[in-house]
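# Structure at a glance
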Amino acid sequence: MLWNQFGKIRRQRLETLQLTSLLSRWCQVRENLLYAFEKCLDSSLSTPLKQAIRDLLTRMRGGMVPDDALKLFAKHSDCEHFQDLVFALRFNFRHRGNLPALLELLEIQQNKLEEAYHDRQISNQMDLRVAGGLLAAVPLLFFLRFLANSSISTLFLQHVMGVGLLLGGAVSYTLAVAWYFKIQRQIRT
């Protein structure tokens, strides 16, 4: 379930980036947000987003104030990038800013954020591999040392304190492995 949630968040980010890109391109052709949204309907956006755009266009053509229509459009997704896009569009409508420049800067910003997410994912994967390798090496090295040196094995197995230390070490190692898998799940979300 966590994996599905991660995939959903990533899809929403990428779809918001695609929408921003499309709006930016169409606003450079004609500086009209309604025209840009209409042209976005012909693209490969997801069906729910296309429906939200159709609803937005219907509201705006029906006479609803653009700020109110965009507020309702913002409810389509909880994605932070989507909310930023809609907020910027609302602000631009209110203050009559340079729409193509705004959308171009938003597209650049979202591309950089997506690159940062990708770089972080690669870095996390490398860190997880190193930690996994270290966790795998612990029992291997322990058993090699334990079996190779008879004085160490007798020290641990023939004394009460040695057996207690062995159990404590096993419990600590088990907790470390469980913590590793917990962190691995958290990184994926």
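Residues numbered from 1 in each chain as written. Predicted model: local features only at pLDDT ≥ 70, side-chain atom pairs only at ≥ 80, totals over all residues. Heavy atoms only, no water.

### Let's talk about unusual backbone geometry
Applied cut-off: Here a strand is any run of E in DSSP of at least two residues, a helix any run of H or I of at least four, and the numbering for each starts at the N terminus. Three labels apply to residues, based on accessible area from a 1.4 Å probe with only protein chains included: buried if under 20% of the type maximum, exposed if over 50%, partly exposed otherwise in between.
At Arg96, a residue that is not glycine, the phi angle is positive and equals roughly 55°. Inspection of the secondary structure puts Arg96 in the loop between α5 (80–95) and α6 (99–148). A residue is classified by how much of its surface remains accessible, and Arg96, at 71% relative accessible area, is exposed.

### Observations concerning α5
Put simply, the rule reads: Here a helix's expected span is defined as the number of its residues, less one, multiplied by 1.5 Å.
Its 16 residues place the ends of α5 22 Å apart at the C-alpha level, agreeing with the 22 Å of an ideal helix rising 1.5 Å per residue. Directly beyond the C-terminal end of α5, a positive phi value near 55° is found at Arg96.

### Considering the packing of α6 against helix α7 (residues 150–157)
Relative placement of two packed helices is described by the angle separating their axes and the distance separating the axes. Formally: Note on geometry: axes are C-alpha line fits, over the in-contact stretch for helices, and angles between N-to-C directions span 0 to 180 degrees. Throughout, the term roughly parallel applies to angles under 35 degrees, roughly antiparallel to angles over 145, roughly perpendicular to angles from 65 to 115, and oblique to all others. Note on contacts: a residue pair is in contact if any heavy atoms of the two residues lie within 4.5 Å. Under the grouping applied here, Gly and all other residues not named as nonpolar or charged are polar, the nonpolar ones being Ala, Val, Leu, Ile, Met, Phe, Trp, Tyr, Cys and Pro and the charged ones Asp, Glu, Lys and Arg.
The geometry of α6 relative to α7 is characterised by a closest axis approach of 5 Å and an angle of 100° between their N-to-C directions. Considering the angle they form, α6 stands roughly perpendicular to α7. The residues of α7 that touch α6, namely those facing Arg145, Phe146 and Ala148, are Ser150, Ile152, Ser153, Phe156 and Leu157. The class makeup of the residues in the contact of α6 with α7 is 5 nonpolar, 2 polar and 1 charged.

### As for the pattern of salt bridges
The line we're drawing: Salt bridges are defined by distance alone: a side-chain nitrogen of Lys or Arg within 4 Å of a carboxyl oxygen of Asp or Glu.
Inspection of every chain in the model, using the stated rule, returns 5 salt bridges. As a salt-bridge pair, Glu114 and Arg13 come within 3.0 Å of each other at their nearest N and O atoms. Pair noted here: Glu114 is in helix α6 and Arg13 is in helix α1 (residues 2–29), with a separation of 101 residues, a long-range link. With relative accessibility at 14%, the residue Glu114 sits in the buried group. In this structure Arg13 comes out as buried when scored by relative accessible area, which is 9%. Residue Asp67 is joined to Arg90 by a salt bridge in which the shortest nitrogen-to-oxygen separation is 2.8 Å. With Asp67 in helix α4 (residues 66–74) and Arg90 in helix α5, the pair connects residues that are 23 residues apart, well separated along the chain. Neither residue differs from the other here; Asp67 and Arg90 are each classed as buried.

### A look at the confidence of the model for the protein chain
What counts here: Predictor confidence is given residue by residue as pLDDT, running from a minimum of 0 to a maximum of 100.
Per-residue confidence for the protein chain gives a mean pLDDT of 86; residues scoring 70 or more make up 95%. Here α1 stands out as the element of the protein chain with the lowest mean pLDDT, 79, in contrast to helix α3 (residues 47–61), whose mean of 92 is the highest.

### Remarks on a nonpolar patch on the surface
Applied cut-off: Only residues above 30% relative accessible area that lack a salt bridge enter a patch, with like-charged residues linked at up to 9 Å and the nonpolar side chains Val, Leu, Ile, Met, Phe, Trp and Tyr linked at up to 5 Å. Note that accessible areas follow from Shrake-Rupley with a 1.4 Å probe, and for residues the cover is restricted to the protein chains shown.
On the surface, Met64, Val65 and Leu72 cluster together to form a nonpolar patch covering roughly 220 Å² of accessible area. You can see Leu72 is positioned in helix α4.

### A look at the nonpolar core
So the rule is basically this: For the purposes of this section, nonpolar cores are sets of buried Ala, Val, Leu, Ile, Met, Phe, Trp, Tyr and Cys residues that join through side-chain atoms within 4.5 Å.
Judged by nonpolar contacts, the single largest core of 29 residues is most densely connected at Leu19, Leu23, Phe37, Ile53, Phe73, Leu89 and Leu103. At the level of elements, α1, α2 (33–40), α3, α4, α5 and α6 are the ones that each hand at least two residues to this core.

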